[in-house]
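# Secondary and tertiary structure notes
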Amino acid sequence: MLQRAYAGLIAAAVISAFLASCSATPKTGIAHGEELFQNCKPCHGEAGHGNLELRTPAIAGLPDWYIIEQVTKFKGDLRGANPDDMEGHRMRPLARTLYHPGDIENVAAYVSKMPSQWMPPTFTKGDTAAGSVTFNGVCITCHMADGKGNKDLHSPPIAQQSDWYLVAQLNKFHRGWRGYSPEDVYGGQMRAMALTLADSTAMHNVIAYVKTLPH
Amino acid sequence: MLEHYLPRASSFAGDIDQLVWIIAWIVGVWFVVVEVMFFWLMFRFRKKPGVPARYITGKEKHLKNWINIPHNIILVLDVLLIVAAIRVWVLIKQTMPPADHTVKVMAQQWAWTFTDPGPDGKIDTPDDVRTTDEMHVEVNKTYHFVLESMDVAHSFFIPAFRLKQDADPGRAYTGWFKPTKTGTFDISCAEICGIAHGVMGAKLVVETTQEHTAWMQAHAADAATADAGASAPTDSTTAQPASQ
Ligand SMILES: [Cu+2]
């Protein structure tokens, strides 16, 4: 008798668990974005501030349109597809996991609402005076005087970002790992700008200046 | 029947399938025979009123034969399986037919990078054609591959070729294949290698000589334009802040 009661209990539990899983409506919007963000945490960190060891940038608080654009580029092999792009190879497959309609928009909405943090400089080298000349001569047009970017020009905020990441990206534009494709119009524009920086020193200088912008 | 679900696109795919079949038949037949016996005995000697349970030691010859005969048959079948398996192992893993082409396959978290030696046939020269997550090979040509991993254990898996080779970092694995069917097939990673293991897929395109030549030429042009960026500063993406 007792055995039968147990069997009945287990059956009831299994059936109700099954029914519960059927009726649970999938989350949508930002709540869904929060769920998706769990997959970003191992690399971009709990708070989305990036991790130097893993070479991941801070993404918390980036504008949603920029996140959507970049994730779409990773997914479409416009970024991170060069055989030598180690960091890109790690991010690109993650972009591929966002394949349901709305996934990218939802995670972007959530990440863009996360509090951003100004990442302190790590480079000690870099001539801010020389960098200021470059920045205020060239970069200012799109990234604006405060380095906060401009949505209309599709240029992201860079003032808050980690300096090592920014220099790395300038290198990637320069080498044609980013912005190489005619399909990637805005990436191509930035690539042209990166090509105006003669060498590594020029890159460090301008980024050293970016890190002096008020936050 | 297997090829109905998964095309056989390499010269040795048939041998692997045959081996899988031999194993499936031998094991399958035994499984059915044993289960039928098992349930029949349970039914035949079920509890009946007035029939006491008998204690059997199993020492008598006619009882021991229930063990001995199947045991001996299984031993013979085992030998058969081992012979069949070794035959395929020698054919695929121990013999390297002379190569028409050699390609390099690099696995890393989470991408496959393929290096085709280009017109000069030598790897690590400027005319190499390097691609990410896309491998192009010519049909009916024997390929040697040199497989390496940059970081953790991966496994190079081409189901249509019936090819699977683990890649541990620090070692170069050599192997071969000969595509026999044109088309596009899947490549995937068959060894858990981190968060994006499940999407570490690549595309394999087996094409005719003309198609392959055209692809190679298109890519050689790409390589030339990409080189425009090769003048970039050398301290790269991995710039260590500490050393700055
Ligand atoms: Cu892998």
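Residues numbered from 1 in each chain as written. Chains lettered and ligands numbered in written order. Predicted model: local features only at pLDDT ≥ 70, side-chain atom pairs only at ≥ 80, totals over all residues. Heavy atoms only, no water.

Attention now goes to the overall build of chain B. Looking only at helices and strands, chain B features 4 helices and 10 strands. Scaling as 2.2 N^0.38, a compact globule of 244 residues should have a C-alpha radius of gyration of about 18 Å, whereas chain B reaches 27 Å, well beyond that. Dimensions of chain B, computed from C-alpha atoms along their principal axes, come out at roughly 95 × 50 × 30 Å. By residue count, 34% of the 244 residues in chain B fall in the buried class. For chain B, contacts bridging at least 24 residues in sequence account for 67% of all contacts bridging at least 6. Summed over its atoms, the accessible surface of chain B is roughly 14600 Å², and 64% of this surface lies on carbon and sulfur atoms. Each charge sign in chain B was given a centre, from 21 positive and 26 negative side chains, and these centres are 23 Å apart. (Helix = DSSP H or I, 4+ residues; strand = E, 2+ residues; numbered from the N terminus. Rg over C-alpha atoms; globule rule 2.2 N^0.38 Å. Buried < 20%, exposed > 50% of the residue type's maximum accessible area, 1.4 Å probe, protein only. Contact = heavy atoms within 4.5 Å. Areas by Shrake-Rupley, 256 points an atom, 1.4 Å probe, with all protein chains shown as cover. Lys, Arg positive; Asp, Glu negative; His and termini not counted. Charge placed at Lys NZ, Arg CZ, Asp CG, Glu CD.)

Residue and element names in this part refer to chain B. Most of strand 2 (residues 111-116) sits inside the fold, with 6 of its 6 residues counted as buried. On strand 2, burial covers both faces: A111, T113 and T115 on one face and W112, F114 and D116 on the other are all buried. Bridge count between strand 1 (residues 101-108) and strand 2: 5 bridges; the pairing is antiparallel. Looking at the pairing, V105 lines up with F114 of strand 2. Between the end of strand 1 and the start of strand 2, which pair antiparallel, lie 2 residues. As defined by bridge partners, strand 2 adjoins strand 3 (residues 129-132) across 4 bridges and the pair is classed as antiparallel. Following the sheet pairing, F114 is matched in strand 3 by T131. (Pairing = 2+ DSSP bridges.)

We now examine the packing of helix 4 (residues 64-75) of chain A against helix 6 (residues 103-113) of chain A. Residues and elements named next belong to chain A. Viewed as axis vectors pointing N to C, helix 4 and helix 6 meet at an angle of 135 degrees, and their least axial separation amounts to 8 Å. On the basis of the axis angle, helix 4 is oblique to helix 6. Both helix 4 and helix 6 take part in a crossing whose hand is right-handed. Residues D64, I67, I68, V71, T72 and K75 of helix 4 form the contact with helix 6, whose participating residues are I104, E105, A108, A109, V111 and S112. Of the residues that constitute the contact of helix 4 with helix 6, the class distribution is 7 nonpolar, 2 polar and 3 charged. (Axes fitted to C-alpha atoms, helices over the stretch in contact; angles between N-to-C directions. Parallel < 35°, antiparallel > 145°, perpendicular 65-115°, else oblique. Left-handed = near helix turned anticlockwise from the far one by under 90°. Nonpolar A, V, L, I, M, F, W, Y, C, P; charged D, E, K, R; others polar.)

Turning to the domain arrangement of chain A, a few remarks are in order. Residues and elements named next belong to chain A. Under the domain assignment used here, chain A contains domain 1 (2-113) and domain 2 (128-210). With 23 residues of domain 1 at the interface, the matching set in domain 2 holds 20 residues. Buried surface at the junction of domain 1 and domain 2, summed over both partners, amounts to about 1800 Å²; 56% is from carbon and sulfur atoms. When the area that domain 1 buries against domain 2 is broken down by residue, the three leading residues are W65, L78 and R79, summing to 34%. In this structure, the connection of domain 1 to domain 2 is made through 3 salt bridges. Between E87 and K172 there is a salt bridge, with its nearest N and O atoms 2.8 Å apart. Inspection of the region where domain 1 meets domain 2 yields 10 residue pairs in polar contact (both at pLDDT 80 or more). Those elements that provide at least two residues to the side of domain 1 that touches domain 2 are helix 4 and helix 5 (86-96). (Domains from an automatic or database assignment. Buried area = accessible area lost by both parts, 1.4 Å probe. Salt bridge = Lys/Arg side-chain N within 4 Å of Asp/Glu carboxyl O. Polar contact = N/O pair within 3.5 Å; in protein donor to acceptor, adjacent residues only side chain to side chain.)

Another point: the domain arrangement of chain B. Residues and elements named next belong to chain B. Here chain B is described as being made up of domain 1 (7-93) and domain 2 (101-229). Listed as interface residues are 12 residues of domain 1 and, on the opposing side, 13 residues of domain 2. Joining domain 1 to domain 2, the criterion identifies 1 salt bridge. Applying the counting criterion to the domain 1 and domain 2 interface returns 9 residue pairs in polar contact (both at pLDDT 80 or more). When residues of the side of domain 1 that touches domain 2 are traced back to their parent elements, those giving at least two are helix 2 (13-44) and helix 3 (61-94). Classifying every residue of the side of domain 1 that touches domain 2 gives 7 nonpolar, 2 polar and 3 charged.

Within a pair of aromatic rings, the relevant descriptors are the distance that separates the centres and the angle that separates the planes. Residues and elements named next belong to chain A. The full count for this structure, using the stated rule, is 12 aromatic pairs over all chains. With a centroid separation of 5.7 Å and 50 degrees between ring planes, the pair formed by F37 and Y110 is classed as tilted. With a gap of 73 residues between them, F37 in helix 2 (residues 29-37) and Y110 in helix 6 connect regions that are remote in the sequence. Here F37 and Y110 have matching classes, each one buried. (Phe/Tyr/Trp six-rings, centres within 6.5 Å; stacked < 30°, edge-to-face > 60°.)

What follows deals with the coordination of the copper ion. Residue and element names in this part refer to chain B. Those protein atoms acting as donors to the copper ion are H154 (ND1), C189 (SG), C193 (SG) and M200 (SD), and they sit at 2.0 to 2.5 Å. Bound by 4 donor atoms, the copper ion shows angles of 98 to 123 degrees at the metal and therefore tetrahedral coordination geometry. Residue class for C189 comes out buried when judged on its relative accessible area of 8%. (Donors = N, O, S within 2.8 Å, 3.2 Å for Na, K, Ca; no water. Tetrahedral: all angles 85-135°; square planar, octahedral: opposite > 155°, others 65-115°.)

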